[in-house]
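# Structure at a glance
Each chain, letter by letter, is given below.
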Amino acid sequence: MTEPAPDTPRSSFAIDVPDALLARARAGEHAALEQLYRWFERPVFTLALRIVGDREEARDVLQDTMLKVIGRIGEFRGAGSPFWGWLRQIAVNEALMRLRRDKKYAQEVGVDDESMFAEDHAPLPPAAADAALLQRALAALPAPTRSVLWLYHAEGYTHDEIATLMQRTASFSKSQLARGTRKLRTALAIEEDLHA
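It should be emphasised that the depicted structure is a prediction, and the values quoted were computed from it without experimental measurement.

### Observations concerning the overall build of the protein chain
- Of the regular secondary structure elements, the protein chain holds nine helices and zero strands.
- Along the protein chain, helices and strands appear, N-terminal first, in the series α-α-α-α-α-α-α-α-α.
- The buried share of the protein chain, taken over its 196 residues, is 42%.

### Let's talk about the nonpolar core
- Membership of the largest hydrophobic core comes to 53 residues, with the highest contact counts inside it found for Leu 36, Phe 40 and Phe 83.
- In terms of residue count, helix α2 (residues 30–52) provides more of this core than any other element does, eleven residues in total.
- Residue contacts for Phe 83: discarding those within four places in its chain leaves Val 17, Leu 22, Leu 36, Phe 40, Val 69, Ile 73 and Phe 76.

### Description of the pattern of salt bridges
- Per the stated rule, a full pass over the model turns up eight salt bridges.
- Across the pair Arg 98 and Glu 57 runs a salt bridge, and its minimum N-O distance is 3.2 Å. Note that Arg 98 is positioned in helix α4 (residues 83–101) and Glu 57 in helix α3 (residues 55–72), a separation of 41 residues in sequence.
- Looking at Arg 98, the relative accessible area reads 16%, which means it is buried.
- On the basis of relative accessibility, which here comes to 30%, the residue Glu 57 falls in the partly exposed class.
- Here Arg 98 and Asp 64 are joined by a salt bridge, their closest N and O atoms 2.8 Å apart.

### Observations concerning unusual backbone geometry
- Phi angles above zero are rare outside glycine, and Gln 167 is one such case at about 55 degrees.
- Tracing the backbone through its elements, the reader meets Gln 167 in the loop between α8 (159–166) and α9 (170–195).
- Using a relative accessible area of 59% as the deciding quantity, one classes Gln 167 as exposed.

### Some thoughts on the packing of aromatic side chains
- Scanning the entire structure with this criterion turns up four aromatic pairs.
- Geometrically, the ring pair formed by Phe 76 and Phe 83 is edge-to-face, given 5.4 Å between the ring centres and 85 degrees between the ring planes. For the residue pair Phe 76 and Phe 83, the accessibility class agrees, reading buried in each case.
- Each ring, one from Phe 83 and one from Trp 86, has its centre 5.6 Å from the other, and the planes form 45 degrees; the classification is tilted. Of this pair, Phe 83 and Trp 86 both sit in helix α4, three residues apart, which is roughly one turn of the helix. Trp 86 matches Phe 83 in its accessibility class, with the two residues each being buried.

### Side note on the side chain of Gln 176
- Relative to the elements of secondary structure, Gln 176 occurs in helix α9.
- Using a relative accessible area of 7% as the deciding quantity, one classes Gln 176 as buried.
- Those residues in contact with Gln 176 that lie beyond four places of it in its chain are Pro 144, Thr 145 and Val 148.

### Overview of α2
- The principal kink in α2, of about 45 degrees, is found at Phe 40, preceding the proline Pro 43 by one to four residues.
- Where α2 ends, the next residue or the one after it, Gly 53, has phi of about 75 degrees, a positive value.

### Section: the packing of helix α7 (residues 143–154) against α8
- In contact at an axis separation of 10 Å, α7 and α8 are set at 135 degrees when each is read in the N-to-C sense. As far as their axial angle goes, α8 and α7 are oblique. Along this stretch, α7 crosses α8, giving a crossing that reads as right-handed. Only His 159, Ile 162, Leu 165 and Met 166 of α8 make contact with α7, whose side of the interface consists of Pro 144, Ser 147, Val 148, Leu 151 and Tyr 152.
- Considered class by class, the residues forming the contact of α7 with α8 number seven nonpolar, two polar and no charged.

Parameters at a glance
- Residue indices follow the written sequence of each chain, beginning from 1 at its first position.
- At least 70 in pLDDT is required for a residue's local features to be given in this predicted model, at least 80 for side-chain atom pairs to be given and counted, and no such filter applies to totals for whole chains, interfaces and linings, which use all residues.
- With hydrogens and water set aside, each side-chain value is computed from the structure's full complement of heavy atoms.
- Going along the chain from the N terminus, every DSSP run of H or I of four or more residues is numbered as a helix, and every run of E of two or more is numbered as a strand.
- The classification of residues rests on relative accessible area computed with a 1.4 Å probe and restricted to protein chains. Under 20% of the type maximum is buried, over 50% is exposed, and intermediate values are partly exposed.
- Among buried residues, those of type Ala, Val, Leu, Ile, Met, Phe, Trp, Tyr and Cys that are joined through side-chain atoms within 4.5 Å constitute a nonpolar core.
- Should any heavy atoms of two residues lie within 4.5 Å, those residues are considered in contact.
- Take a side-chain nitrogen of Lys or Arg and a carboxyl oxygen of Asp or Glu: if they are within 4 Å of each other, that pair is a salt bridge.
- Centres within 6.5 Å make a pair out of two Phe, Tyr or Trp rings, where for Trp the six-membered ring is used; the pair is then stacked when the planes are under 30 degrees apart, edge-to-face when over 60, and tilted otherwise.
- Take the seven residues that end at a residue and the seven that start at it, fit an axis to each, and the angle between those axes is the bend at that residue.
- Between N-to-C directions, angles cover 0 to 180 degrees, with each direction set by a line fitted to C-alpha atoms, over the stretch in contact for helices.
- Each angle is binned into one of four classes, with values under 35 degrees roughly parallel, values over 145 roughly antiparallel, values of 65 to 115 roughly perpendicular, and all other values oblique.
- In a left-handed crossing the near helix is turned counterclockwise from the far helix by less than a right angle, and in a right-handed crossing that turn is clockwise.
- In the scheme used here, Gly and all other residues not listed as nonpolar or charged are polar, with Ala, Val, Leu, Ile, Met, Phe, Trp, Tyr, Cys and Pro taken as nonpolar and Asp, Glu, Lys and Arg as charged.

In structure tokens form, the structure reads like this:
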């Protein structure tokens, strides 16, 4: 497997799945399907939790995703893309579909803000390294903002890809990223001050 460029995020989904294991899974072998589930359970759950913001909903997304993967594994052809990318796309779609069904999400999204916010690529404060602080700060963000941040920074999606996934515009993705980054910095700086 080739390593990503230094500034390209490496997805937690980037797991090389041997062709032999995929062939056994396509044939419906229980042990092969179970192995795929174990390998991808954590990345799917983590992505779902970051998008839907609720552990129970994230568990449901995990189950729906894996059922869909098992039901459609025969459709995966590879054709230049890795299995993990195909599975990740299913997980993202399932999480965003669940989020869109949530009436609160519809209110949080509002209308696209076409004013262009400057993208903020400066590093987060040192407190961001503390996973617990980061988790609390992410949980406090509105679902659309949290989703854009996660898809962009953790999964490496582009603004155009996020716009397509969220049925919005690229400028919506950019503005959510800028706002979310500012809100995270503020939240993490406050947490950092409280612990100093």
